Amino acid sequence: MLHEKTVAFIGAGSMAEAMISGLVNSNKIPAHQIIATNRSNGERLAVLEAKYGIKGIKLDQLQFDQIDVFILAMKPKDVEKALNNLIGQIEVNQLVLSVLAGITTTYLEQNLHNGQQVVRVMPNTSSTIGESATAISPGHATSNENIILTQELLGCIGEVYTIKEKDMDIFTGLAGSGPAYFYYLMEHMEKQGSEAGFDVETTRQIIAQTIVGAAKMIQEQDVTPTVLREKVTSPNGTTAAGLKALDDNGGGLAISKAVEHAAIRSKEISEQIQESLLVSANK
Ligand SMILES: NC(=O)C1=CN([C@@H]2O[C@H](COP(=O)(O)OP(=O)(O)OC[C@H]3O[C@@H](n4cnc5c(N)ncnc54)[C@H](OP(=O)(O)O)[C@@H]3O)[C@@H](O)[C@H]2O)C=CC1
Ligand SMILES: O=C(O)[C@@H]1CCC=N1
């Protein structure tokens, strides 16, 4: 089914590229059936064409009736304009996925055709290598067939979790933004490792392997992070000293707050977009 579909990204930035890379590398959908389009940056489309073998097409030259799945991938602030451009061009039964943080299926449904088939999606940049943790929440009118198509398509870029839309904000805080927390952690560990005399490249690989190992232990063994942490921690040993420093410096709280605030921001974006819609409707 998937190999016959044509997918168009509306927006060709970082997230679109991560998904394009994962889709092309999966070999489940031919690259020439993936289209990227954006607002104005033609050079960017040429780069994506050359790198992935996809088609970069200007928005005004896109044959909308040839597309099975549209993937909205612009910033949330640009969504209103993008949907205004789209609505005159698409049919009610064409599937629209949106990866935009904070943009609800209700918003998409209100701003596309009555009964438009939409799915809200939250991937992360590990899509690039087929390792995303991606959530989906279908809209009201989306058929089972299109939900299955969405799961198949996003299965090419990693694991897919079908969740209630009310949980999308916290999912965004955990997994959409999540890679950045680990990169932040790595930046700090790397600095400490190289200050102690390791070269940066070796330090980076050591940290990456340590994170991969810890993550795989959770995925492959039926054990909680607490039990695994305790196994590393010898009484009065090195880990106990490291964990105490983390606690003394607010490490646990900082991590909780990062997830909480990213989720709050996702909710805020929904509210701000909804408010701006009301303002323009009342003008
Ligand atoms: N980056 C991430 O880790 C994740 C991002 N997301 C979501 O992905 C979305 C995109 O983020 P990101 O890729 O980082 O953003 P970028 O700024 O990298 O890319 C935005 C893209 O949108 C295009 N664009 C803007 N307005 C329009 C329009 N009206 N019609 C068509 N294209 C338009 C821009 O085109 P041009 O350059 O020509 O102006 C550009 O290609 C966001 O909504 C974000 O919430 C979700 C999960 C993770
Ligand atoms: O920072 C952002 O808003 C986007 C959404 C999730 C990850 N990046």
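Reading guide: rules and limits
Residues numbered from 1 in each chain as written. Chains lettered and ligands numbered in written order. Predicted model: local features only at pLDDT ≥ 70, side-chain atom pairs only at ≥ 80, totals over all residues. Heavy atoms only, no water. Helix = DSSP H or I, 4+ residues; strand = E, 2+ residues; numbered from the N terminus. Buried < 20%, exposed > 50% of the residue type's maximum accessible area, 1.4 Å probe, protein only. Contact = heavy atoms within 4.5 Å. UniProt positions renumbered as here; feature names shortened; annotations may be inferred. Axes fitted to C-alpha atoms, helices over the stretch in contact; angles between N-to-C directions. Nonpolar A, V, L, I, M, F, W, Y, C, P; charged D, E, K, R; others polar. Domains from an automatic or database assignment. Salt bridge = Lys/Arg side-chain N within 4 Å of Asp/Glu carboxyl O. Near = heavy atom within 4 Å. Polar contact = N/O pair within 3.5 Å; in protein donor to acceptor, adjacent residues only side chain to side chain. Areas by Shrake-Rupley, 256 points an atom, 1.4 Å probe, with all protein chains shown as cover. Pairing = 2+ DSSP bridges.

(A) Just the overall build of the protein, in detail. For the protein, the count of helices and strands is 11 helices and 8 strands. Projected onto its principal axes, the C-alpha coordinates of the protein cover approximately 65 × 45 × 35 Å. A burial count over the protein gives 40% of its 283 residues as buried. In the protein, of all internal contacts separated by at least 6 residues, the share reaching a separation of at least 24 is 64%.

(B) Local environment of the side chain of Ser127. Residue placement: Ser127 occurs in the loop between strand 6 (117–122) and strand 7 (132–138). Residue Ser127 is classed as buried on the basis of its relative accessible area of 0%. When near neighbours in sequence (up to four residues on either side) are disregarded, Ser127 contacts Met15, Ala18, Met19, Gly22, Ser132 and Ile157.

(C) Structural view of the UniProt feature "domain: Pyrroline-5-carboxylate reductase catalytic N-terminal" (unreviewed entry) in the protein. When the UniProt feature table is mapped to this numbering, "domain: Pyrroline-5-carboxylate reductase catalytic N-terminal" (unreviewed entry) covers residues 6–102. Structurally, residues 6–102 comprises 34% helix and 19% strand, and the distance from its first C-alpha atom to its last is 26 Å.

(D) Spotlight on the packing of helix 6 (residues 168–176) against helix 7 (residues 178–195). One can describe the packing of helix 6 onto helix 7 by two numbers: an axis separation of 5 Å at closest approach and a directional angle of 35°. Side by side, helix 6 and helix 7 meet where Thr172, Gly173, Leu174, Ala175 and Gly176 of the first sit next to Gly178, Pro179 and Tyr181 of the second. Of the residues assigned to the contact of helix 6 with helix 7, the class counts are 4 nonpolar, 4 polar and no charged.

(E) Structural view of the domain arrangement of the protein. We note that the domain assignment places domain 1 (2–167) and domain 2 (176–260) within the protein. Using only C-alpha atoms to locate each centre, domain 1 and domain 2 end up separated by 34 Å.

(F) Layout of the pattern of salt bridges. Enumeration over the complete set of coordinates arrives at 14 salt bridges. Ionic pairing is found between Glu268 and Arg265, a salt bridge with its closest N-O pair at 2.8 Å. Within this pair, Glu268 and its partner Arg265 are both found in helix 11 (residues 251–282), separated by 3 residues, close to a single helical turn. A relative accessible area of 33% places Glu268 in the partly exposed class.

(G) Structural detail: the site of ligand 1. Surveying the vicinity of ligand 1 reveals 22 residues, the closest of which are Ala12, Met15, Arg39, Ser40 and Met74. Contact between ligand 1 and Ser14: an oxygen atom at 3.0 Å from a main-chain N or O atom of the residue. At 3.3 Å, a side-chain N or O of Lys75 approaches an oxygen atom of ligand 1. Expressed as a share of its isolated accessible area of 920 Å², the protein-covered part of ligand 1 is 82%. Split by residue class, the shell around ligand 1 holds 12 nonpolar, 7 polar and 3 charged.

(H) Representation of unusual backbone geometry. The phi torsion at Asn27 lies on the positive side, around 60°, for a residue other than glycine. Considering the arrangement of structural elements, one finds Asn27 in the loop between helix 1 (14–26) and strand 2 (34–37). Judged by its relative accessible area of 69%, Asn27 is exposed. In this structure, Asn236 takes a positive phi of about 60° despite not being glycine.

(I) A look at the sheet that holds strand 5 (residues 95–98). In spatial order, the strands read 3-2-1-4-5-6-7-8; together these 8 strands make up an open sheet with mixed pairing. Two strands bound the open sheet, and with one partner strand each, they are strand 3 (55–56) and strand 8 (158–162). In this sheet, strand 8 lies alongside strand 7 in parallel orientation, the contact comprising 5 bridges. Residue pairing across strands places Thr134 opposite Val160, the latter belonging to strand 8.

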